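Geometric and topological summary
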Amino acid sequence: MFYELEKDDKYPSVWYSDSDDFDPFISIKCPKYPGHQRGVRDINVNLWIDIKKPKMGDFVSTVYSDWLITDHVAEIFKANNLTGYRLQPVKVCNKKLDFNLWELIITGSAGKAHPDSGIYVKEHCEYCGSMIYSPIKKGIGIIVDEARWDGSDFFTITEYYKYVFITEKVKKIIEENNLRGVRLVWPSELGFDES
Ligand SMILES: [Zn+2]
């Protein structure tokens, strides 16, 4: 059984620093269609953040839906030999915390969602590589294709790579340690009403 990490709205998200020295986006310009211009997160740039509200969980979401964790959580993950992630240091610009924050970068993968999820490529631009997928269907959600899953405790899928999936083992660890700031949902509960 798999679960997906969702932000717990009781804990406010943290912001990216507006310092001129911090630019985590790679700008992609389409040679054909100006509307395809976009910024893509450069995963090799360590995040600089501002904490605007003091309340913080053990899991912290950024306004761009990245996941950060505290030292405490990092130690628990390590002690349990969890797989499918690496940690990148996070710099807090506007506050002094008495612990470190780490960005949870997911390296595990389950490839494309199972075909029964009904997610297809809606639009693909051969000039800039832009790829738009059909929305996740309400009532079906994302069906993880176990044949494509690499067995990691943390993993993403190709089509919606910002969704972080976890195994039952991680769920137990989150619950047993009473880690806050995150809600666990069934992948079948994901999705939007067709509009
Ligand atoms: Zn394009």
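Before reading on, note that the structure itself is shown above.
A few points on the structure. Given the structure is predicted, the values throughout are model-derived calculations rather than measurements.

Alternating positions in strand β7 (residues 67-70) separate into two faces, Trp-67 and Ile-69 on one and Leu-68 and Thr-70 on the other, with burial throughout. Of the pairings in the sheet, the one linking strand β6 (residues 59-61) to β7 comprises 3 bridges and is antiparallel in character. The partner of Ser-61 across the bridge, within β7, is Trp-67. Linking two consecutive strands that pair antiparallel, namely β6 and β7, is a turn of 5 residues; a positive phi of about 65° is found at Ser-65 within it.

Okay, unusual backbone geometry next. The phi dihedral of Ser-65 is positive, around 65°, even though this residue is not glycine. Of note, Ser-65 is situated in the loop between β6 and β7. Exposure remark for Ser-65: the relative accessible area of 43% places this residue in the partly exposed category. Its identity is not glycine, yet Asn-178 carries a phi of approximately 55°, on the positive side. Assignment of secondary structure puts Asn-178 in the loop between α2 (168-176) and β14 (182-185).

With that settled, the discussion passes to the coordination of the zinc ion. Those donors, Cys-30 (SG), His-36 (ND1), Cys-125 (SG) and Cys-128 (SG), are the protein atoms that reach the zinc ion, and they lie 2.1 to 2.4 Å from it. With 4 donor atoms in place around the zinc ion and angles of 104 to 117° between them, the coordination shape is tetrahedral. Using a relative accessible area of 5% as the deciding quantity, one classes Cys-125 as buried.

What follows deals with the environment of Glu-175. Within the secondary structure, Glu-175 is located in helix α2. Residue classification places Glu-175 among the partly exposed positions, given a relative accessible area of 47%. Distance in space between the C-alpha atoms of Glu-175 and Ile-105 is 21 Å, their sequence separation being 70 residues.

What the 6 strands build is an open sheet, ordered β2-β5-β8-β9-β7-β6; its pairing is mixed. In this open sheet, the two strands that pair with only one neighbour each are β2 (15-16) and β6. Alignment of β7 against strand β9 (residues 101-106), held across 3 bridges, turns out to be antiparallel. By the bridge assignment, Ile-69 is partnered in β9 with Trp-102. The strands that helix α1 (residues 71-79) touches are β6, β7, β8 (85-92) and β9; relative to β7, the one it contacts most, it runs at about 90°.

Looking at chain direction, strand β5 (residues 48-50) and β8 are connected through 2 bridges and run parallel. Counterpart to Ile-49 in the pairing with β8 is Val-92. As judged from the 6 bridges shared by β8 and β9, these two strands associate in the antiparallel manner. Bridge pairing in β9 places Tyr-85 opposite Ile-106.

Conventions and cut-offs
- Every chain is numbered on its own, with residues counted from 1 as its sequence reads.
- Residues qualify for local features only when their pLDDT is at least 70, as the model is predicted, and side-chain atom pairs are given and counted only at 80 or more; totals for whole chains, interfaces and linings, by contrast, use all residues.
- Where side-chain values are given, they derive from all heavy atoms of the structure, hydrogens and water being excluded.
- To sort residues, take the accessible area from a 1.4 Å probe on protein chains only and compare it with the maximum for the residue type: under 20% means buried, over 50% means exposed, and anything in between is partly exposed.
- Numbering goes from the N terminus for both helices and strands, where a helix is a DSSP run of H or I of at least four residues and a strand is a run of E of at least two.
- Pairing between two strands requires that DSSP report at least two bridges joining them.
- A 2.8 Å cut-off from the metal defines N, O and S donors, relaxed to 3.2 Å for Na, K and Ca; water is not in the atom list, so some sites may appear incomplete.
- Here a site with four donors is tetrahedral if all angles are between 85 and 135 degrees, and a site with four or six donors is square planar or octahedral if opposite donors are over 155 degrees apart and the other angles are between 65 and 115; anything else gets the irregular label.
- Two residues form a contact once any of their heavy atoms are found within 4.5 Å.
- Axis angles are defined between N-to-C directions and span 0 to 180 degrees, where every axis is a line fitted to C-alpha atoms and, for a helix, only to the segment in contact.

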